[in-house]
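As a plain string of letters, each chain reads:
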Amino acid sequence: MRVTIIGGHGKIALLLAPMLVEAGHEVTSVIRNPDHVADVEATGATALVSSVEDADTHALADLLSGQDAVVWSAGAGGGDPERTFAVDRDAAIRSMDAAQNAGVGRYVMVSFSGANHDSLVPEDNAFRPYQDAKIAADEHLRASGLDWTILGPGSLTLEPGRGSVNPDARSGDGDTTSRELVAQVALAVLADPRAHRKTLVFGDGDVPIEDWLASL
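About the criteria used
Residues numbered from 1 in each chain as written. Predicted model: local features only at pLDDT ≥ 70, side-chain atom pairs only at ≥ 80, totals over all residues. Heavy atoms only, no water. Buried < 20%, exposed > 50% of the residue type's maximum accessible area, 1.4 Å probe, protein only. Helix = DSSP H or I, 4+ residues; strand = E, 2+ residues; numbered from the N terminus. Pairing = 2+ DSSP bridges. Right-handed = clockwise from strand over helix to strand, strands pointing away. Contact = heavy atoms within 4.5 Å. Axes fitted to C-alpha atoms, helices over the stretch in contact; angles between N-to-C directions. Parallel < 35°, antiparallel > 145°, perpendicular 65-115°, else oblique. Nonpolar A, V, L, I, M, F, W, Y, C, P; charged D, E, K, R; others polar. Salt bridge = Lys/Arg side-chain N within 4 Å of Asp/Glu carboxyl O.

**Remarks on the pairing of strand E4 (residues 69-72)**
Neither face of E4 is left uncovered, since the one carrying Ala69 and Val71 and the one carrying Val70 and Trp72 both have all their residues buried. Judged from the 4 bridges that link them, strand E1 (residues 2-6) and E4 form a sheet pairing that is parallel. Along E4, the bridge assignment pairs Thr4 with Val70. In this sheet, strand E5 (residues 106-110) lies alongside E4 in parallel orientation, the contact comprising 4 bridges. Paired with Trp72 across the strands is Met109, a residue of E5. Note that the unit made of E4, helix H4 (residues 81-101) and E5 has a crossover that is right-handed.

**A look at the environment of Met1**
Residue placement: Met1 occurs in the segment before E1. Given the relative accessible area of 33%, Met1 is considered partly exposed. Each C-alpha atom of the pair Met1 and Val165 lies 25 Å from the other, and the pair is 164 residues apart in sequence. In contact with Met1, other than residues within four places in its own chain, are His25, Glu26, Asp68, Ala69, Leu190 and Ala191.

**Describing the side chain of Ser50**
Along the chain, Ser50 turns up in the loop between strand E3 (46-49) and helix H3 (57-64). Residues contacting Ser50, with those up to four places away along its chain left out, are Val30, Ile31, Arg32 and Leu63.

**Topic: the packing of H4 against helix H5 (residues 128-142)**
Contact geometry for H4 and H5: axes closest at 9 Å, N-to-C directions at 10°. One finds that H4 runs roughly parallel with respect to H5. Packed against H4, whose contacting residues are Pro81, Thr84, Phe85, Asp88, Arg89, Ala92, Ile93, Met96 and Asp97, the element H5 presents Pro129, Tyr130, Asp132, Ala133, Lys134, Ala136, Ala137, His140 and Leu141 at the interface. Partitioned by chemical class, the residues of the contact of H4 with H5 number 11 nonpolar, 2 polar and 5 charged.

**Quick word on the pattern of salt bridges**
Scanning the entire structure with this criterion turns up 7 salt bridges. Its salt-bridge partner being Arg89, residue Asp90 comes within 2.6 Å of it at the nearest N-O pair. Note on Asp90: relative accessible area 27%, which makes it partly exposed. Looking at Arg89, the relative accessible area reads 28%, which means it is partly exposed. One salt-bridge network, in which partners are shared between bridges, spans Asp192, Arg194 and Glu210.

This is the structure:
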């Protein structure tokens, strides 16, 4: 598959890109900062410098032309609510519309387990803009015509991924999830129709990813 990762210099993306390349996929990683080209291309991916925050839907459709799948792994990084909404909600939504316009069928969203109305933190909590932005983006994706999968890991860690999950993790329950495991799950679901149009909430656990997907 020809796969574009949006947010290609993020910690998860830098782990995912070489996994995809090793699996035989052709990977393009979209990054904002040209200083990050060398880091990205060291993974075996092709770096494409573009600001998805500034690109309109037409420009993003051009960027995604000829691709088979998109993995959204970008984020504003918190701190500034205005930029959080600009990237985590608005740019993400434009990328979904662009993917449809470009004929890209598959879209994998890296979200988080608390991206739902049942897990909302108080409005005055500094985390709330990010939560609201991710909920809005995920809801737009679910309503789209794409073959989507939303990944809902818990609190992210830098621990090694073991290739196994806790399938009983609940939304917003604080389960920890290795970033490497998120990459492993993204790789596994990318070409797996069992994961199409599903929101997968998970944490670190003992159930092999393949067994988990077989139970969906």
